[in-house]
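# A look at the structure
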Amino acid sequence: MEIIGRKSEQDQLLRCAKSKMPEFMVIYGRRRVGKTFLIREVFKNDFTFYTSGVKQGTRKDKVALFHKDIVAYGGKAEKKPESWFDAFDELKDLLKGDCHRNAVTGKKIVFLDEVPWMDGKKSDFRPALDRFWNMFGSAMPDLMLIVCGSATSWIIDNILKNTGGFYNRVTESLHLLPFHLGDCERLCRFCGYHFEKSEILEYYMAFGGVPFYWRNLNASLSVSQNIQSLCFEESGKFRYEYRELFRSLFSPRGRHREVVEFICKKNQGVPRDEISKSFKMSGKQLTKTLEELEECGFLREYVEPGHIKRGKTYQVIDPFVRFSIAFLQGARKSSWTAYRGTPAYYAWAGNAFELACLNHVTEIKNALGIAGVETSEYAWRSKESNPGAQIDLLIDRADGVINLLEMKYTQSPIVIDKDYRMNLLTKEDDFRRESKTRKAIRITLVASSGLSKNGYSDVIDSLVTGKDLFQ
């Protein structure tokens, strides 16, 4: 199949596969993001050895499956292994023999998929993998070992940040992220979906850029009908996806889901100290939880200038997580059509569009002609004005300018009236006074359906439309 997007990721994989050094590559990312698909397609399923872990089963069961796959790839072992050390000895014997090499790169490529599921309580998997690489693999210049998994906390703790046998052993790591809107549109065209940009944007607002969620669309249904079918019907494929998402990524002993749901109550985010007080976690445990949520793309952190003492603020930035918390967790209505047109829907749509903009800052900068300017992005809330003004996104530029972004999701071009114009000017004044910035401020409107110009629209210094987010 054709690979949509992922150009830099493909280049990284092929660069490692053509290296003249032994390569140990770790690939991770949230469930459904396309890790296995990418690896298989880049290498055309042409592996020296490929196996995938299974979530259920005993160590004996998992070792037996590994052995079965070794035999399928030409392994000659007659006796079934009794431990992971025995299993990796079988892999060593396979690699030392006249084994298959990738036709394009000539490298011996070993792909271990869903590695966290190979591990388990009282398992010897990790020390066996450690010994395999350090005693054997790291001395084979024609070997590329790819380790992949969705359970991010396991990958980070046991491989990427391991201070034991894996310390400084990983030669490459790749964090696979969801698509942006441009690649979502290309995937739609590839799959034969004839959706307008406005429909693609609405689906992104609910599901984000996870490719698997897009491949399950029904081209004969509208976006609203697809959301109803996939999420609200009892047999809907994603009705329980939110629950399974956290189960697949994190340890059951963690409180990742609770932390996300707490932070999600405030669209602009929650300061770290407030999270700490609510959950009474140790500093180390809280740091670990927040870092893992960031690595999965669920959270972002930022420090609001002028409020350094408050420390870091954390904001939920995953569209599907926010959609699920808003409509699927303890749902008050049984269908998506029942939600549409309600205050809850309009509140979600406005916040979801703001989130889409936050996830497409690069595209917004391109539209503004400042792609090459170094910037930082953050939200801001007034501490002095009453009612307190808030700005959902500021782009603070190294060239002495701050873009104050006003983001509006509407079905038709937005119309600015006298009151709205005054509201924008008041926000600008409040921000300038409280932040004490000496930079120039530009009010920037990001409007899903554009702007209807009139006598009050001169307050807008620059305009970005929904179509600009598809670059």
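Right, let's talk about the overall build of the chain for a bit. Helices and strands together make up the secondary structure of the chain, namely 20 helices and 15 strands. Taken over C-alpha atoms, the radius of gyration comes to 25 Å for the chain, in line with the 23 Å a tight globule of 471 residues would show. Its C-alpha atoms give the chain principal-axis dimensions of roughly 85 × 50 × 45 Å. Within the chain, contacts between residues at least 6 apart in sequence are counted, and of these 68% link residues at least 24 apart. Where the 72 positive side-chain charges of the chain centre and where its 61 negative ones centre are 3 Å apart.

Our focus in this paragraph is the packing of helix H13 (residues 256-263) against helix H14 (residues 272-279). For the pair H13 and H14, interaxial distance at closest approach is 11 Å and the crossing angle is 125 degrees. Classified by the angle between their axes, H13 and H14 sit oblique to one another. Two packed elements cross with a definite hand, and for H13 against H14 that hand is right-handed. Residue-level inspection shows Glu258, Val259, Phe262 and Ile263 of H13 in contact with H14, the latter providing Glu274, Ile275, Ser278 and Phe279. Taken together, the residues of the contact of H13 with H14 break down into 5 nonpolar, 1 polar and 2 charged.

Roughly 1200 Å³ of internal volume is contained in the largest pocket. Contributing elements (two or more residues each) for the lining of the largest pocket: helix H3 (59-72), helix H5 (115-118), helix H7 (152-160), helix H12 (241-249), H13 and helix H15 (283-295). Counting residues per element, the lining of the largest pocket draws most heavily on H12, which supplies 5 residues. Here the residues of the lining of the largest pocket are counted per class, giving 9 nonpolar, 12 polar and 16 charged. Counted as a void, the second largest pocket has a volume near 700 Å³.

A few words now on unusual backbone geometry. Excluding glycine, a negative phi dihedral is what most residues carry, and trans is how most peptide bonds are arranged. Of note, arginine 6 is a non-glycine position whose phi angle comes to about 60 degrees, a positive value. On the secondary structure map, arginine 6 appears in the segment before helix H1 (7-17). Here arginine 6 falls in the buried class, since its relative accessible area comes to 9%.

This brings us to the state of the cysteines. Two cysteines form a disulfide when their sulfur atoms are joined by a covalent bond. Using the criterion set out here, one finds 0 disulfides in the structure. Summary of cysteine pairing: cysteine 148 is not part of a disulfide, and the nearest cysteine sulfur, belonging to cysteine 296, is at 13 Å. With a relative accessible area of 0%, cysteine 148 lands in the buried category.

Tallied over the entire structure, the rule returns 45 aromatic pairs. With 4.7 Å between their ring centres and 65 degrees between their planes, phenylalanine 327 and tyrosine 339 make a pair best called edge-to-face. With a gap of 12 residues between them, phenylalanine 327 in helix H16 (residues 319-327) and tyrosine 339 in helix H17 (residues 336-339) connect regions that are remote in the sequence. As far as burial versus exposure is concerned, phenylalanine 327 and tyrosine 339 are alike and both buried.

Okay, the sheet that holds strand E5 (residues 172-175) next. As a general point, the strands of a sheet are linked pairwise by backbone hydrogen bonds and lie either parallel or antiparallel. Across the sheet, 5 strands lie side by side as E2-E3-E4-E1-E5; this open sheet has parallel pairing. Since the sheet does not close on itself, it has two edges, and those belong to strand E2 (49-52) and E5, each with one partner. On average, adjacent strands in this sheet sit at an angle of 10 degrees to one another, irrespective of strand direction. One ladder, built from 6 bridges, connects strand E1 (residues 23-28) with strand E4 (residues 143-149); its direction is parallel. In the strand pairing of E4, tyrosine 28 is matched with glycine 149. Contacts between helix H2 (residues 35-42) and the sheet are confined to E1, E2, strand E3 (108-113) and E4, with E4 contributing the most and set at about 155 degrees to the helix.

To continue, consider the nonpolar core. Among the nonpolar cores identified, the biggest contains 75 residues, and Trp214, Ile263, Ile275, Phe323 and Trp348 are the most heavily contacted of them. Looking at this core, the element that brings in the most residues is helix H18 (residues 343-358), giving 9 residues. Once residues within four sequence positions are removed from consideration, phenylalanine 323 is found in contact with Ala206, Ile227, Cys231, Phe232, Leu328, Trp336 and Trp348. Counting residues in hydrophobic clusters, the runner-up holds 32 residues, among them Tyr28, Phe88, Phe132 and Ile159.

Topologically, alanine 128 is positioned in helix H6 (residues 125-135). Judged by its relative accessible area of 2%, alanine 128 falls in the buried class. Sequence separation of alanine 128 and aspartate 86 is 42 residues, and the distance between their C-alpha atoms is 8.5 Å. If we ignore the near neighbours within four places in the chain, the residues touching alanine 128 are Trp84, Phe85 and Phe88.

Here serine 83 lies in the loop between H3 and helix H4 (84-96). Residue class for serine 83 comes out buried when judged on its relative accessible area of 13%. A distance of 3.3 Å separates the side chain of serine 83 from the backbone nitrogen of phenylalanine 85, its partner in a polar contact. When sequence neighbours within four positions are dropped, the list of residues in contact with serine 83 reads Val63 and Asp124.

Moving on, we get to the sheet that holds strand E11 (residues 401-408). Spatial ordering of the open sheet is given by E9-E10-E11-E13-E15, a layout of 5 strands whose pairing is mixed. Each edge of the open sheet is held by one strand with a lone partner, namely strand E9 (375-381) and strand E15 (462-465). The sheet shows a mean angle of 30 degrees between the axes of neighbouring strands, taken without regard to direction. Relative to E15, strand E13 (residues 440-447) runs parallel, the two being bridged by 4 bridges. Bridging from a neighbouring strand, threonine 444 pairs with serine 462 of E15. Where helix H20 (residues 418-435) meets the sheet, it contacts E9, strand E10 (390-397), E11 and E13, and its direction lies at approximately 140 degrees from that of E11.

Here is what the cut-offs are and how they apply
- Residues numbered from 1 in each chain as written.
- Predicted model: local features only at pLDDT ≥ 70, side-chain atom pairs only at ≥ 80, totals over all residues.
- Heavy atoms only, no water.
- Helix = DSSP H or I, 4+ residues; strand = E, 2+ residues; numbered from the N terminus.
- Rg over C-alpha atoms; globule rule 2.2 N^0.38 Å.
- Contact = heavy atoms within 4.5 Å.
- Lys, Arg positive; Asp, Glu negative; His and termini not counted.
- Charge placed at Lys NZ, Arg CZ, Asp CG, Glu CD.
- Axes fitted to C-alpha atoms, helices over the stretch in contact; angles between N-to-C directions.
- Parallel < 35°, antiparallel > 145°, perpendicular 65-115°, else oblique.
- Left-handed = near helix turned anticlockwise from the far one by under 90°.
- Nonpolar A, V, L, I, M, F, W, Y, C, P; charged D, E, K, R; others polar.
- 1 Å grid on protein atoms, 1.4 Å probe; cavity = no way out; pocket = protein on both sides within 12 Å on 5 of 7 lines; lining within 4 Å.
- Points joined across faces, edges and corners; volume = space filled by probe spheres on them.
- Buried < 20%, exposed > 50% of the residue type's maximum accessible area, 1.4 Å probe, protein only.
- Disulfide = S-S within 2.5 Å.
- Phe/Tyr/Trp six-rings, centres within 6.5 Å; stacked < 30°, edge-to-face > 60°.
- Pairing = 2+ DSSP bridges.
- Core = buried A, V, L, I, M, F, W, Y, C linked by side-chain atoms within 4.5 Å.
- Polar contact = N/O pair within 3.5 Å; in protein donor to acceptor, adjacent residues only side chain to side chain.

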